[in-house]
Amino acid sequence: MMRVRNWSHERCDRAAGALVMLGLLAEERGVDAAGLAMRGAVGRTASGTRRADITRFADVRVNGWRVVKTRGRFSTLDQGAIHSDLRRARVALGHTRWATQGGDKLVNASPLVIGPIVGCHNGDVAVSSLRELVDDQVRLAGSTDTEVLLAALGATDGTAAAVRSVLETVQGRVALTWVDHRQPHGLWLARGALSPLAVAGDGQGGLWWASNPQWLRRVEQHFGLGLSAPRMLREGSLLRVRGRDGDLDVQISPAFVPLVRLQDRRVAGIAAWRGFTRADRADDEARLRNKLVTAVRTSRWRSDPWPVFGAEDVDDWPMPGEPLVGDPDWDDFDWEVA
């Protein structure tokens, strides 16, 4: 959630409750770890601590943020201890983790503070090419793809063109939300291949997002925040959101072609659309535009228990470098903020 207006005490209470409810709903996508990062928290910034070690703490305040994390379910977070900071937060980033890379350690739990970046990532990406983009001065403490990806974003100059150049190299499932300390009054949202990202405005200077549009509908039914109908960001979307005169100013960068690996397509039904309604999944699948980067044909596929995404038979898979559904039509990039 991001808001650019002052809200009444009653609305702040409802918003805090909605954020907690989103975290509980998100347990369907991960129960290995969970966390919240809240900008606008009061209290002293951690001192005498190396930047890389910040990710090791279960509860830390740094540069106006409070980051609270736990191993296990979101429901194990102490809701009472964070309620006041949730109420006053101008930006709140939440995450539940399904540990695809890196061990079950607190240092690997998101949200992460990496260099100038505070952010979260939903998905699984190859890190070999991304490591080449990371500043040598940045010391990484964990062992996740999220940490490398955020470090690569932090190594850019923070412009949309530079951020887009990083996202164009990412191979795998990816949806991202992050804030850059060098641009403290803005927020970035990005969707690469497959990993879903739904957004909704509330008409009160607030923007909400989630990995499943149904979560936003349920939050609206329960708390009545005035959320618009959720919209799914299309693959290849990059948005920068800032406040201007009490309203949201959304800048949409030119779409990029997200790169996907074979294994990402094969597990998409489980990893990307878990918990989706049939209608939401069908709508999202119909608008995919990722590009396959590798496809190694082996007889092992025919006995593999994972479902194959997007083809009835493995012989129908495109060869390396061929797109899944033809060349993207950039003219139909029609997402708008409600």
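Worth saying up front: this structure is predicted, and the values here are computed from it rather than measured.

The rules we used
- Residues numbered from 1 in each chain as written.
- Predicted model: local features only at pLDDT ≥ 70, side-chain atom pairs only at ≥ 80, totals over all residues.
- Heavy atoms only, no water.
- Helix = DSSP H or I, 4+ residues; strand = E, 2+ residues; numbered from the N terminus.
- Contact = heavy atoms within 4.5 Å.
- Areas by Shrake-Rupley, 256 points an atom, 1.4 Å probe, with all protein chains shown as cover.
- 1 Å grid on protein atoms, 1.4 Å probe; cavity = no way out; pocket = protein on both sides within 12 Å on 5 of 7 lines; lining within 4 Å.
- Points joined across faces, edges and corners; volume = space filled by probe spheres on them.
- Nonpolar A, V, L, I, M, F, W, Y, C, P; charged D, E, K, R; others polar.
- Buried < 20%, exposed > 50% of the residue type's maximum accessible area, 1.4 Å probe, protein only.
- Polar contact = N/O pair within 3.5 Å; in protein donor to acceptor, adjacent residues only side chain to side chain.
- Pairing = 2+ DSSP bridges.
- Axes fitted to C-alpha atoms, helices over the stretch in contact; angles between N-to-C directions.
- Left-handed = near helix turned anticlockwise from the far one by under 90°.
- Core = buried A, V, L, I, M, F, W, Y, C linked by side-chain atoms within 4.5 Å.
- Parallel < 35°, antiparallel > 145°, perpendicular 65-115°, else oblique.

Novice: Looking at this structure, how should I read the overall build of the chain?
Specialist: Regarding its fold elements, the chain presents nine helices and 16 strands. Expressed as a percentage of contacts within the chain between residues at least 6 apart in sequence, the contacts between residues at least 24 apart total 73%. Carbon and sulfur atoms provide 48% of the accessible area of the chain, an area that totals close to 14,400 Å².

Novice: Is there a simple way to explain empty space enclosed by the protein in this structure?
Specialist: Empty space left among the atoms is revealed by rolling a probe the size of a water molecule over them. Evaluated as defined, the whole model comprises three cavities of 30 Å³ or more. Computed from the structure, the largest cavity encloses a volume of approximately 680 Å³. What lines the largest cavity is a set of 41 residues, among which Gly-94, His-95, Thr-96, Asn-122 and Ser-211 lie closest to the centre. Elements represented by at least two residues in the lining of the largest cavity include exactly helix H1 (9–25), strand S5 (91–97), strand S7 (117–125), helix H4 (145–154), strand S8 (172–180), strand S11 (206–210) and helix H8 (268–271). No other element matches S5, which puts five residues into the lining of the largest cavity. Among the residues forming the lining of the largest cavity, the class breakdown is 20 nonpolar, 16 polar and five charged.

Novice: I keep staring at the side chain of Arg-173 and nothing clicks. Help me out?
Specialist: When you line up the elements, Arg-173 lands in strand S8. Classification of Arg-173 by relative accessible area gives buried; the value is 7%. Of the polar contacts made by the side chain of Arg-173, one reaches the side chain of Asp-264; its length is 3.2 Å. Here Arg-173 is in contact with Thr-100, His-121, Asn-122, Gly-123, Asp-124, Val-125, Ala-193, Leu-194, Ser-195, Asp-264, Val-267 and Ala-271, once residues within four sequence places are set aside.

Novice: Where do I start with the environment of Ala-162 in this structure?
Specialist: Relative to the elements of secondary structure, Ala-162 occurs in helix H5 (residues 160–167). Sequence-distant contacts of Ala-162, that is, excluding residues within four places in its chain, are made with Thr-156 and Asp-157.

Novice: Looking at this model, I keep getting lost on the pairing of strand S3 (residues 59–62). Mind explaining?
Specialist: Side-chain alternation along S3 places Val-60 and Val-62 on a buried face and Asp-59 and Arg-61 on a face that remains uncovered. Alignment of S3 against strand S4 (residues 65–71), held across four bridges, turns out to be antiparallel. Bridging across to S4, Arg-61 finds its partner in Arg-66. Taking the residues between adjacent antiparallel strands as the criterion, S3 and S4 are bridged by two residues, where Asn-63 takes a positive phi near 50 degrees.

Novice: Looking at this structure, how should I read the sheet that holds S8?
Specialist: Each strand in a sheet pairs with its neighbour through backbone hydrogen bonds, running either in the same direction (parallel) or in the opposite one (antiparallel). Strand order in the open sheet formed by six strands is S6-S7-S8-S9-S13-S14, with antiparallel pairing between adjacent strands. Single-partner strands in this sheet number two, and they are strand S6 (112–114) and strand S14 (247–252). Pairs of neighbouring strands in the sheet enclose a mean axial angle of 25 degrees, with direction left out of account. Helix-sheet contacts for H4 involve S6, S7 and S8, and the interaxial angle to S7 is about 130 degrees. On top of the sheet, H5 reaches S8, strand S9 (186–191) and strand S13 (237–244); it is set at about 150 degrees to S13, its chief contact.

Novice: So what exactly am I meant to see when it comes to the packing of H1 against helix H6 (residues 213–223) here?
Specialist: Packed helices, taken two at a time, are described by their axes: the angle between them and the distance between them. Interhelical geometry of H1 versus H6 gives an angle of 140 degrees and a closest axis separation of 10 Å. The hand of the H1/H6 crossing is right-handed. Residue-level contacts link Arg-14, Gly-17, Ala-18, Met-21, Leu-22 and Leu-25 of H1 to Trp-215, Leu-216, Arg-218, Val-219, His-222 and Phe-223 of H6. Here the residues of the contact of H1 with H6 sort into eight nonpolar, two polar and two charged.

Novice: In this structure, what is going on with the nonpolar core? I would like to understand it.
Specialist: Side chains of nonpolar character tend, in soluble globular proteins, to be buried together. Membership of the largest hydrophobic core comes to 43 residues, with the highest contact counts inside it found for Leu-86, Leu-194, Trp-208, Leu-216 and Val-219. Secondary-structure elements contributing two or more residues to this core are H1, strand S2 (33–39), helix H2 (79–88), strand S10 (198–201), S11 and H6. Of the residues forming this core, the biggest block, nine residues, is contributed by H1. Look past the residues within four positions of Leu-216 in its chain and what remains in contact with it is Leu-22, Ala-198, Val-199, Ala-200, Trp-208, Trp-209, Ala-210, Leu-227 and Pro-230. Core analysis: the next-biggest nonpolar cluster, separate from the first, contains 24 residues, Val-125, Val-127, Val-166 and Leu-176 among them.

Novice: Sorry, what's going on with the packing of H1 against H2 here?
Specialist: Where H1 meets H2, the closest approach of the two axes is 9 Å, and the angle between their N-to-C directions is 130 degrees. Regarding the angle of H1 to H2, the classification is oblique. Remark: the crossing between H1 and H2 carries right-handed chirality. Two secondary-structure elements touch here, H1 through His-9, Cys-12, Asp-13, Ala-16, Leu-19 and Val-20 and H2 through Gln-79, His-83, Leu-86 and Arg-87. Its residues assigned to classes, the contact of H1 with H2 shows five nonpolar, three polar and two charged.

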